[in-house]
Amino acid sequence: MTKKIRDMLSEGPTFSIELFPPKSPEAQQRLRAALDELAELDLSFASVTYGAGGSTRDKTQETVEDVRRAGMTAMPHLTCIAHSRAELVDLLQGYRDAGYVNVLALHGDPPRDNPDIAAGELTRAVQLIELIREVGDFSVGAAAHPEGHPKAPDRKTDREHQAAKLKAADFGVTQFFFDAEDYLRLVDDLERLGVETPIIPGIIPITNAGQVQKFAAMAGATVPSDLVARLDAAGDDTDEVRRIGVDVASDLGKRLLDEGSPGLHIYALNRSTATRELHANLGLPVG
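What you see is a predicted model; the values in this text were computed from it and never measured.

## Some remarks on the overall build of the chain
Here is step 1: From N to C terminus, the chain includes eleven helices and eight strands.
Here is step 2: Over its C-alpha atoms the chain spans a radius of gyration of 18 Å, differing by no more than 12% from the 19 Å that the globule rule assigns to 287 residues.
Here is step 3: Counting only C-alpha atoms, the chain reaches 50 × 45 × 45 Å along its principal axes.
Here is step 4: Of all 287 residues assigned to the chain, the portion counted as buried reaches 52%.
Here is step 5: Considering only intrachain contacts with a sequence separation of at least 6, the fraction spanning at least 24 residues in the chain is 81%.

## Topic: the side chain of Ser139
Here is step 1: Positionally, Ser139 belongs in strand S5 (residues 139-144).
Here is step 2: Engagement of the side chain of Ser139 in a polar contact is seen with the backbone nitrogen of Arg6, the distance being 3.1 Å.
Here is step 3: Ser139 has contacts with Lys4, Ile5, Arg6, Val101, Asn102, Val103, Asp170 and Phe171, leaving out every residue within four places of it along the chain.

## Describing helix H8 (residues 209-219)
Here is step 1: Listing the buried residues of H8 in full gives Ala209, Val212, Ala216 and Ala219. Along the long axis of H8, the arc covered by the buried residues comes to 100 degrees, so they all point the same way.
Here is step 2: If you check the start of H8, you find a side-chain oxygen 3.2 Å away from the backbone N of Gly210, and it comes from Asn208.
Here is step 3: Two residues or fewer after H8 comes Gly220, characterised by a positive phi angle close to 75 degrees.

## So, the pattern of salt bridges
Side chains that carry opposite charge are capable of pairing whenever their charged atoms lie near each other.
Here is step 1: Going through the model one piece at a time under the given rule, you end up with 23 salt bridges.
Here is step 2: A salt bridge links Glu62 to Lys59; the shortest N-O distance between them is 3.8 Å. Of this pair, Glu62 and Lys59 both sit in helix H3 (residues 57-69), separated by three residues, roughly a single helical turn.
Here is step 3: Linking Arg68 and Glu65 is a salt bridge whose minimum nitrogen-to-oxygen distance equals 3.4 Å. Taken together, the positions of Arg68 and Glu65, both in helix H3 and three residues apart, correspond to about one turn of that helix.
Here is step 4: Among the residues examined, Glu65 registers a relative accessible area of 27% and is labelled partly exposed.
Here is step 5: Three or more residues joined by partner-sharing salt bridges are found here, namely Lys4, Arg6, Arg133, Asp137 and Asp170.

## Side note on H3
Here is step 1: With 13 residues, H3 should cover 18 Å at 1.5 Å per step; its first-to-last C-alpha distance of 19 Å lies within 8% of that length.
Here is step 2: Every buried residue of H3 is listed here: Thr60, Thr63, Val64, Asp66 and Val67. For H3, the angular spread of the buried residues around the axis is 160 degrees, confining them to a single face. More than 90 degrees from the buried face of H3, the exposed residues found are Asp58 and Arg69.
Here is step 3: Buried residues belonging to H3 abut strand S1 (14-19), helix H2 (25-38), strand S2 (45-48), strand S3 (74-79) and helix H4 (85-97).
Here is step 4: Gly71 lies just past H3 and shows a positive phi near 90 degrees.

Cut-offs applied
Residues numbered from 1 in each chain as written. Predicted model: local features only at pLDDT ≥ 70, side-chain atom pairs only at ≥ 80, totals over all residues. Heavy atoms only, no water. Helix = DSSP H or I, 4+ residues; strand = E, 2+ residues; numbered from the N terminus. Rg over C-alpha atoms; globule rule 2.2 N^0.38 Å. Buried < 20%, exposed > 50% of the residue type's maximum accessible area, 1.4 Å probe, protein only. Contact = heavy atoms within 4.5 Å. Polar contact = N/O pair within 3.5 Å; in protein donor to acceptor, adjacent residues only side chain to side chain. Arc of directions from axis to C-beta. Salt bridge = Lys/Arg side-chain N within 4 Å of Asp/Glu carboxyl O. Expected span 1.5 Å × (residues − 1).

Here you go:
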């Protein structure tokens, strides 16, 4: 039986990755090849994103199956925006009946090409967490935002909303960030609000400077100016960009683990090389 992430965390730090559903048959083959290489690492689990408004519903399920075929524990993401309660129950029952025991519960974002899409019956991630628990004995994760949710009106409101959600979850996984202090401050703030839930920091080894800056802008994450300067100096040298990205992620990962973080969640971007290099730099065991 697939292991629950809450149980993994009780045994020590986890090392996990995030993937996204490929958009073409060629991209799917590249992802499957990357999964074969990543399976050689002692990964705790792999999460699979769920497109805005459920736009990748079927592809997410296919990718979750690919992760399982590669011998890894899979954690599908699920969002409540633009979904009825019945649709969410149907999806959860499908995962439950297929033997999946981990889910990341998210409110989600509307598709950029349909920003006025109906909100759905559940309007908060905490409501989705409650529904997931009704459907099955899942280990439920929730998203955390070290620099604050980009739509939050202020820091106090943001922290209170994050605290309520994380108290209901078994664990949290953060948006990627580059400054360890942002994560440590988040954990301290949430602890003062009574949160005891372990929060796994998310980090990204940059392999494409433009892509990461685009993601960061969407998520409200800050890419430090000195890192931007180093990446700009590397120009089109993709190997140098990856070297810089892996070095920065390695330093951040070491700091976080030294500070007692419950693990590391790597935004792998469906590639294996940078994740394997980061894994080696951190001296983590292989399977």
